[in-house]
Amino acid sequence: MTDALVDLPDLRVEPRWRRLIGRLLADRSAVLGGAILLLLLVCAVAAPLIAPYDPLAIAPMARLRPPSPQHWFGTDEVGRDLFSRIVYGTRYFLLICAVAASISASIGTLLGLLAGAGSALVDGVIMRLIDVLLAFPYILMVLVVVAILGPSLWTGMAAVGIAGIPGYARLIRSAVLGVKREDYVDGARVLGASETEILFGTVLPNVLSPLIVYLSYATPLAALLASALSFAGLGAQPPIPEWGAMLVNARTYLFSAWWAVTAPGAALFVAIFGLNVLGNGLRDVLDPQG
Amino acid sequence: MSSTLRADPVTTASDGPASGEQLLAVRGLRTSFKTSRGELKAVDGVDLDVAAGEVLCLVGESGSGKSVLALSLLRLIEPPGSILGGEVRFEGRDVGAMPRRALRRLRGRDIGIVFQQPQGCLNPVRRIGWQVAEPLMRDGLGRAKAWDAAVELLRAVGLPAPADKASAYPHQLSGGQAQRVMIAVALALRPRLLIADEPTTALDVTVQAQILDLLRERCRAIGAAMILVTHDLGVVAKLADRVAVMYAGRIVEQGPVADLFAAPRHPYTRGLLRAAPRLGEIGERLTDIPGGIPDLARMPPGCAFAPRCDTRRALGLDRCLDEAPPVFAAGPAGRARCWALAGDAA
Amino acid sequence: MARYVLRRLLLAVPVVVGIMLITFLIKAVIPTDAVTAQFQGQMSEADAAQAIAALRAKYHLDLPWYRQFVLYVESLLHGDLGESIRLRRPVSSEIGFRYLNTLMLTGAALSIALVVGMGTGILAAVRRNSWLDVTATTVGLFGTSMPAFFFGLLLILVVSVWLRWLPVVPRGPAAIVLPALALGLIEAAPLSRVTRTAMIDVLRRDYIRAARARGTGEIALVLRHALPNALLVVLTVIGLQIGNLLGGAFIVETIFSWHGIGELAVEAIGWRDFALTQAVILVSAGTYLAVNLVADILYAWVDPRVELAA
């Protein structure tokens, strides 16, 4: 009984982020996902060093070659080295993730903050808008934006990002409404902080953790959709070595050259899988009860 | 020599209940839970007998293993818990050796059980009538007949407007009404034994007495025996034929209610009775014995009550700390696990 | 019940208007509108200008946007979805059979998703931590990471090319097998996870223990006592699931040349055929809205705890 008095727990507070990273490193799925993401980043940055061939170089003599020591993943219908194209494809994959996530997260967060912290009128207007936007399945909303902006790599990315806005906005709004009830917000107000300071200084940091959790599963979904757009001919256009776009022509050769389909498909699968597993890990760490 | 005879530990429980034939016989039952802190011995060598038609009250503080014992009788222990040993015989049949099908017949048909939280025990998306009728339908009754029978059972447990309530859903009932339904379900197949695990703890004080009266009345009506798990000595005084006092996974004393209340032999029983001075009044809690129940994962080698026992201190009995006491005869028809009784003979 | 349904329907009205506004936007905000695109480089400047003006008037593109919107809603109310510029015939004549095809495909896929997803979910929950549970969880995680179009192509590759179980271009009823599998199996993954979680939660409730304590057999326990409760949870996500199926149909129909509205939408957007695009989006969003409405009402009807009067 008296042992507890002597054996006081260590009360030194570690910085929050360091504690989080420690717990992430202890989480198996976070480590696996992190490793895959790291691999993607290395490929994207060092693509010219890793890829043995120019991803756009056509070689009519080496069309549809099966995997071999010269061409690890084989070649496509115009003789381009698939391995090199997949390595360069990481750049597009990460670009899509980054662009889509930043568009949805920034505008969605802003709208959510406005709705959650603004007047009843502002909240009402924003929420009705969001209700209508959420009445569309995600992919349908993406198609609407593509239909308006026209099909291309950039509009595809933008469409996936824009279509993701209402989801973020709704999440942030409800998180803000929760935070607003907390005592520390009143505390900040008592200490004389302005409403803007409270919103960005006190409320925003406290909704970051649900935001990150949401990002972790919205982003792979967005990437999946963007590549689906490319595959449908409504996003990145050939000959861009975007993995979805690579399948457009390859699917014609499904019967003679399966590798031209499986290589970019598998790359996409592994990348999305990595993001999903990383997301699972993040969720375990940031949102243990959720 | 006669003194040594008295001091001999009672190894067999042959001196069973005074009235009625033997219904349930429990010998050396042990149930443990695997936890991160080690093995938690919730039931640690329990002997218990129930005769047909009698009311046995199982008393003890919360955490003493009463509910686990009740569940163990029907082999309802789920992982991380498991029954490690001992024997449970119902009407002579070994419950531990029963195949799955026989066990299912035992549950419900031979032994009914009523739990603490009646609201939680009713399926929220099924009508009351269906839940009462279901065991009957399993028993071979047709749908319409089972429903009618269910309404009758609901009437018998005093549910107002039983025909209407049969088509109601659980959330439309009060706690007391829900417990009446659970009693109807438990007794639907006229079991020979009813286990009631703290059936009134979750209810309003005003309805507790009604439910207890109902339990006794219904059991008498169908001739069922009852094991009533409770920590309320007022309830024991009112309902019990016999009492078993449980402490830290063991039954420390059992005997006819009048004997046990008049002359408790185990120091723990004495403490309990002192802590609840106004017997007969429902609602008394067992709180006033200094100290707490020992950690079930780190049981002392001797008597579990020894650290709290003032009798041990008064008599200076050192073996209590090292050696678990066996069962001694206590009074004309009682038994108790206490080393003080070994010397009591003199 | 009738009042609850009415209330839900009334709540859906502003959403319907919103959907129409958004589909209307497709035509309203395009930089060079559909009409001009048609004539570029096909005739002389003057002729083109004249023809454009005529067509602009015909399609009311010369009116302010809100007047155009009112006209748009009016024509929709008359069942007029406009004329496809590419197909040169009324959109409604094209959309009808395409819609039926999509309903057929998503219906088949939904059945597969329900059977496979709920089946594995229930088994995984009942045999928790068994090899079956671990396998289902792992496969489910793979499923959520699998692009539908890649999965579809893999199915063709394995079933038609390697195993030769089906012709590469199947005809008749066989044609629906692979697209329905592609769509349904992908959607079975999240459904399985939801079912498993809901079942595990239900199976540890007191009323399950109580039912077991009165001798209910394991199968009856799972199917008659636990499943109805878990189904309620599954029902709350079924609207979303059907949305995913409708969404997935755009991709899967394209791969398998299944002539539904998904394939049509992709084509229409590629052709920049705005009337057609509008109509397809409108029909899909409307279907999604209707499905969610039905799911909501069904939920209120099935769950006795929902107070219909409120």
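The preceding data block contains the structure.
All values derive from a computational prediction rather than experimental measurement. (Residues numbered from 1 in each chain as written. Chains lettered and ligands numbered in written order. Predicted model: local features only at pLDDT ≥ 70, side-chain atom pairs only at ≥ 80, totals over all residues. Heavy atoms only, no water.)

## Regarding the environment of Ala268(C)
Residues and elements named next belong to chain C. One can find Ala-268 in helix α11 (residues 261-271). Accessibility expressed as a relative area gives 0% for Ala-268, which makes it buried. Considering only alpha carbons, one finds Ala-268 and Val-134, 134 residues apart in sequence, at a separation of 43 Å. Apart from residues no more than four positions distant in its own chain, Ala-268 is found in contact with Asp-273, Leu-276 and Thr-277. (Helix = DSSP H or I, 4+ residues; strand = E, 2+ residues; numbered from the N terminus. Buried < 20%, exposed > 50% of the residue type's maximum accessible area, 1.4 Å probe, protein only. Contact = heavy atoms within 4.5 Å.)

## Notes on the interface of chain B and chain C
Contacts between chain B and chain C engage 26 residues on the former and 18 residues on the latter. Buried area between chain B and chain C, both sides added, is near 2200 Å², and the carbon and sulfur share of it is 57%. Interface area lost by chain B to chain C is led by Pro124(B), Val125(B) and His171(B), which between them contribute 21%. Taken together, the links from chain B to chain C amount to 9 residue pairs in polar contact (both at pLDDT 80 or more). Elements supplying a minimum of two residues to the side of chain B that touches chain C: α3 (100-110), α4 (118-121), α5 (128-138) and α8 (175-187) of chain B. A total of 5 residues in the side of chain B that touches chain C trace back to one element, the largest contributor, which is α5(B). Class assignment of the residues belonging to the side of chain B that touches chain C gives a composition of 14 nonpolar, 6 polar and 6 charged. (Buried area = accessible area lost by both parts, 1.4 Å probe. Polar contact = N/O pair within 3.5 Å; in protein donor to acceptor, adjacent residues only side chain to side chain. Nonpolar A, V, L, I, M, F, W, Y, C, P; charged D, E, K, R; others polar.)

## Re the packing of aromatic side chains
This structure, assessed with the given rule, holds 19 aromatic pairs over all chains. Arranged with centres 5.7 Å apart and planes meeting at 80 degrees, the rings of Trp258(A) and Trp259(A) form a pair that is edge-to-face. By relative accessible area, which is 35% here, Trp258(A) ends up partly exposed. We classify Trp259(A) as buried; its relative accessible area is 8%. When the centroid spacing of 6.1 Å and the interplanar angle of 85 degrees are considered together, the rings of Trp65(C) and Tyr66(C) count as edge-to-face. Assessed through its relative accessible area of 53%, Trp65(C) is described here as exposed. The structure contains a cluster of three or more aromatic residues connected by ring pairs, namely Trp72(A), Phe73(A) and Phe83(A). Cation over ring: Arg126(B) sits above Trp130(B), and NZ or CZ is 4.1 Å from the ring centre. (Phe/Tyr/Trp six-rings, centres within 6.5 Å; stacked < 30°, edge-to-face > 60°. Lys NZ or Arg CZ within 6 Å of the ring centre and 35° of its normal.)

## Section: the sheet that holds strand β11 (residues 328-330) of chain B
Residue and element names in this part refer to chain B. One open sheet holds the 8 strands; their spatial order is β6-β7-β8-β3-β9-β10-β12-β11, and the pairing between them is mixed. Two strands lie at the open edges of the sheet, namely β6 (111-114) and β11, each paired on one side alone. Taken over all neighbouring pairs, the strand axes of this sheet differ in orientation by 20 degrees on average, direction set aside. Pairing of strand β9 (residues 242-247) with strand β10 (residues 250-256), which is carried by 6 bridges, proceeds in the antiparallel orientation. Opposite Val-245, over in β10, you have Glu-253 as the bridge partner. Against the sheet, α8 touches β6 and β7 (193-197), its axis set at about 170 degrees to β6. (Pairing = 2+ DSSP bridges. Axes fitted to C-alpha atoms, helices over the stretch in contact; angles between N-to-C directions.)

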